[in-house]
Amino acid sequence: MMTGFFRRIKSVQFKLIAVFLFSVLLPLIILIAVLPVWFTDRMEKNARISAEGTVASISKNVEIYLNDLENITLIPYINDSVMMALQKKKKFLNLEIPEEEMYEINRALTYELPLYFQLMRNDISELLILPEDGSVYLTSVNSSYYEKEYDYRSQEWYQQAVKAEGRAIFIGNHRQDYIQNPKAEGVISVVRQIRDVETQEALAVVMSDTETDILERILESVTFNEGSWCFILDDRHSIVCGSGEADKNLLEAVQSRKNPEDFSIPGYLAVSCAVEGTRWQVVALLSRHEVFRQSRFVYLLGGAFIILYLFVGSMLFSNFSRYVTKPLAKLSETMQKVQKGDMNVVCRIESEDEIAELGRNFNRMLSQINELIEKEYKAVLAQKDMEYYALSSQIQPHFIYNVLNNLVGLNRAGEKETLEKTVLSLTDILRYMLDHSDMVKVSVELDVIEKYCELQKLRFGERLEYVITCEKEYHSCKIPRLILQPIVENAILHGIEPLKNGGTVTVLGENVRESGKGYLMFTISDNGVGFDTELINVDNSVGIKNIRNRLALVYQGATFEMESTAETGTCVRIRIPEEELENENCDS
């Protein structure tokens, strides 16, 4: 019985079932464990993104409202009577003011200025004016009176306004302890020191009070999920107002937090946004419980689907595996014979399904495999030869075109002797280019480059200098024809020609060792204009692409590198492994 048990364990059917369990069941178990966490995190992120946009919109509305309140305190500057009254108060400081002057001052500060405020905003509950002489002017829509014994100048908001030197200061929710029997539970205020426009002397401090009704309406105009709360904090991190009544425990948690900047409250997701131009901020606390509640149905539906899929899939897979394993066993046995070298074996499967078709196709494949291998091998070699000749021929018209342009220029200049010498040199170069040899000696390639540079020097004169050197041990090594000349051509035409004073092209062939391996490295460099590699992609150049492809067709380990800096020059390095040169391309 033990032998039969181990045999079943080794069977294809058992392995398929094991693969099914590990490839389907295990991922499903992991999915069941991970999905709730992922989905909850996703829901939380979406809720945060949505809340961030809403809070930013609230913050913008609060900013607009506070800016309106701030602009209200600038009204004294646009009323000449008010400014003149405050200036007279300053002028007669510690002096008795004439009765007629006093009448004009009281008229401006008691009637005209409050009228401006009331016309501009109907939500201003109190307007308090504190001139430099210590007098107090209060206008109240609630008919309240100021506290005569109240020390205004010692209050923190007064000191802040003095330090701000004319800039507006926002005071968060506070009681009006400077007013007798205030009706509002709390107000927010804007305080500003009024200064003489010309002398910049302090004239008075103006404070306008408004209830928090409008801010509360701004907060209540948007809705978050159930159980959430949105509120505004002032520069002291105190609550100015909130969207409706907050949960008692939540309110205590917000007010008792140790770090004013930290809104990490268990069970809530905090989103905040600063009110631009102030040190206030809008904070929304989203109920995590509500986020979880919304995703609970998805959990139940996903769990039921996974269980159903697992049950049905297991039954179908178990039945299907029995029909698959038997013919596959025959096919596997045939493949093992082929693996041992028996190419005449035949696989017989008596059925009409896809597996039987697979067996018949396998039999046809065996009868044709040798022929296909031979055909494909020859086709690949022919294809590579065709690609090589095509890449090489792409360079020739480009080179001839540029040289013929030089000949036209010499002819137009009337330099006949130079033209004759150039034509003879061009004849040698064309003979080399029209040669059908794939590979040439390094010395031959360098000789052609030198003749090409001589042709160009006839044109550029002293503006072109060139240096061509190569270690003698590599002179007899063979390399692809015209693999270096196009690079030298680019260096002259695109690097040296634009320079007024010309430059130098250097071709160097040397031995280098990297990571214990030897290389023949060709370095073609110039001190020309160069270019910015971030702006120009050299990989899109047809010439560069051709050289890379030709190198790849001949040498598996060859590398091509190009470096360039604007106003400095360009350097190209081609590395060819010595082992490939020695084994195939160097003369003994």
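Structure: see above.
Okay, so let's go over this structure.

Parameters and conventions
Each residue is numbered by its place in its chain's sequence as written, counting from 1. With the structure being a predicted model, the display of local features is reserved for residues of pLDDT at least 70 and the display and counting of side-chain atom pairs for 80 or more, all residues being used for whole-chain, interface and lining totals. Each side-chain value is worked out from all heavy atoms of the structure, with water and hydrogens disregarded. The helix and strand labels rest on DSSP assignments: H or I over at least four residues marks a helix, E over at least two residues marks a strand, and numbering proceeds from the N terminus. Only protein chains enter the accessibility calculation, which uses a 1.4 Å probe; a residue whose area is less than 20% of its type maximum is buried, one above 50% is exposed, and one in between is partly exposed. Contacts are assigned to residue pairs with any non-hydrogen atoms lying within 4.5 Å of each other. Here the arc refers to the set of directions running from the helix axis out to each C-beta atom. Strand pairing follows a simple DSSP-based rule, namely that at least 2 bridges must link the two strands. Axes, fitted as lines to C-alpha atoms, cover a helix only where it is in contact. Angles between the N-to-C directions of the axes lie from 0 to 180 degrees. Working rule for angles: under 35 degrees goes down as roughly parallel, over 145 as roughly antiparallel, 65 to 115 as roughly perpendicular, anything else as oblique. By definition, any crossing whose near helix is turned counterclockwise from its far helix by less than a right angle is left-handed, and any crossing with a clockwise turn is right-handed. Each residue gets one of three labels, nonpolar for Ala, Val, Leu, Ile, Met, Phe, Trp, Tyr, Cys and Pro, charged for Asp, Glu, Lys and Arg, and polar for the others, Gly among them. The criterion for an aromatic pair is that two Phe, Tyr or Trp rings (for Trp, the six-membered ring) have centres within 6.5 Å, with stacked assigned to planes under 30 degrees apart, edge-to-face to planes over 60 apart and tilted to the rest. A helix is expected to reach a length of 1.5 Å times the quantity of its residues less one. Here a polar contact is recorded for every N or O atom pair within 3.5 Å, except that within protein the pair must consist of a potential hydrogen donor and a potential acceptor, and residues adjacent in sequence are included only if both atoms are side-chain atoms. Think of a nonpolar core as a cluster: buried Ala, Val, Leu, Ile, Met, Phe, Trp, Tyr and Cys residues, connected wherever their side-chain atoms sit within 4.5 Å.

### Overview of the overall build of the chain
Scanning the chain from N- to C-terminus turns up 15 helices and 16 strands. Across the 588 residues in the chain, those meeting the buried criterion constitute 40%. In the chain, once contacts between residues fewer than 6 apart in sequence are set aside, the share between residues at least 24 apart is 65%.

### Some points on helix α7 (residues 213-220)
Along α7, the residues that are buried comprise L215, I218 and L219. One side of α7 holds all its buried residues, which, seen down the axis, span an arc of 95°.

### What about unusual backbone geometry?
Here Q200, not a glycine, exhibits a phi torsion of approximately 60°, which is positive. Residue placement: Q200 occurs in the loop between β4 (187-195) and β5 (202-211). Despite not being glycine, H237 shows a phi value in the positive range, around 65°. Looking at the secondary structure, you find H237 in the loop between β6 (229-233) and β7 (239-242). According to the relative accessible area criterion, H237 is partly exposed, its value standing at 25%.

### Notes on the pairing of strand β16 (residues 569-577)
β16 sits mainly inside the fold: 8 of its 9 residues count as buried. When strand β14 (residues 517-526) meets β16, the two strands line up antiparallel, connected through 8 bridges. Following the sheet pairing, T523 is matched in β16 by R573. Note that strand β15 (residues 559-565) and β16 share 7 bridges and pair antiparallel. Across the sheet, the residue bridging to T559 is R575, located in β16. The antiparallel hairpin formed by β15 and β16 contains 3 residues in its connecting segment, where E567 sits at a positive phi of about 70°.

### Focus: the packing of helix α12 (residues 442-460) against helix α13 (residues 485-496)
Interaxial distance between α12 and α13 falls to 10 Å at its minimum, and their mutual angle equals 20°. The angle between α12 and α13 places the two elements in the roughly parallel class. You can see that α12 and α13 cross each other, and the crossing is right-handed. Taking contact as the criterion, the partners of E445, I449, Y452, C453, Q456, R459 and F460 in α12 are, on α13, Q485, V488, E489, I492 and L493. Taken together, the residues of the contact of α12 with α13 break down into 7 nonpolar, 2 polar and 3 charged.

### Quick look at the sheet that holds β4
What holds strands together in a sheet is hydrogen bonding between their backbones, with the strands either parallel or antiparallel. Taken in spatial order, the 5 strands of this open sheet run β2-β1-β5-β4-β3, and their pairing is antiparallel. Two strands in the sheet have a free side with no partner beyond their single neighbour: β2 (137-140) and β3 (169-174). Adjacent strand axes in the sheet meet at a mean angle of 15°, parallel and antiparallel pairs treated alike. As defined by bridge partners, β4 adjoins β5 across 9 bridges and the pair is classed as antiparallel. Bridge pairing in β5 places I194 opposite A204.

### Considering the packing of aromatic side chains
Applying the stated criterion across every chain, the model contains 6 aromatic pairs. Measuring from centroid to centroid gives 6.1 Å for W157 and Y158, while their planes differ by 70°, and the two rings are edge-to-face. According to the relative accessible area criterion, W157 is buried, its value standing at 9%. Ring pairing ties together the aromatic residues Y150, Y152, W157, Y158 and Y178, which thus form one cluster.

### Describing helix α4 (residues 80-91)
With 12 residues, α4 should reach 16 Å at 1.5 Å per residue; the first-to-last C-alpha distance of 16 Å fits that figure. Listed as buried for α4 are V82, M83, A85, L86, K88 and K89. One side-chain oxygen of the residue at the start of α4 lies 3.0 Å from the amide nitrogen of S81, identifying that residue as N79.

### Brief notes about the nonpolar core
The biggest cluster of nonpolar side chains holds 40 residues, and the ones touching the most others in it are I479, L484, V488, I492, F522, F560 and I574. Contributions of two or more residues to this core are made by α11 (416-433), α12, β11 (464-470), α13, β13 (503-514), β14, α14 (542-554) and β16. Sorting elements by how many residues they give to this core places α12 first, with 8 residues. Once residues lying within four places of it in the same chain are set aside, the contact partners of I492 are Y452, C453, Q456, F460, L464, E497 and V505. V55, V190, C230 and L286 belong to the second largest nonpolar core, which has 30 residues in total.

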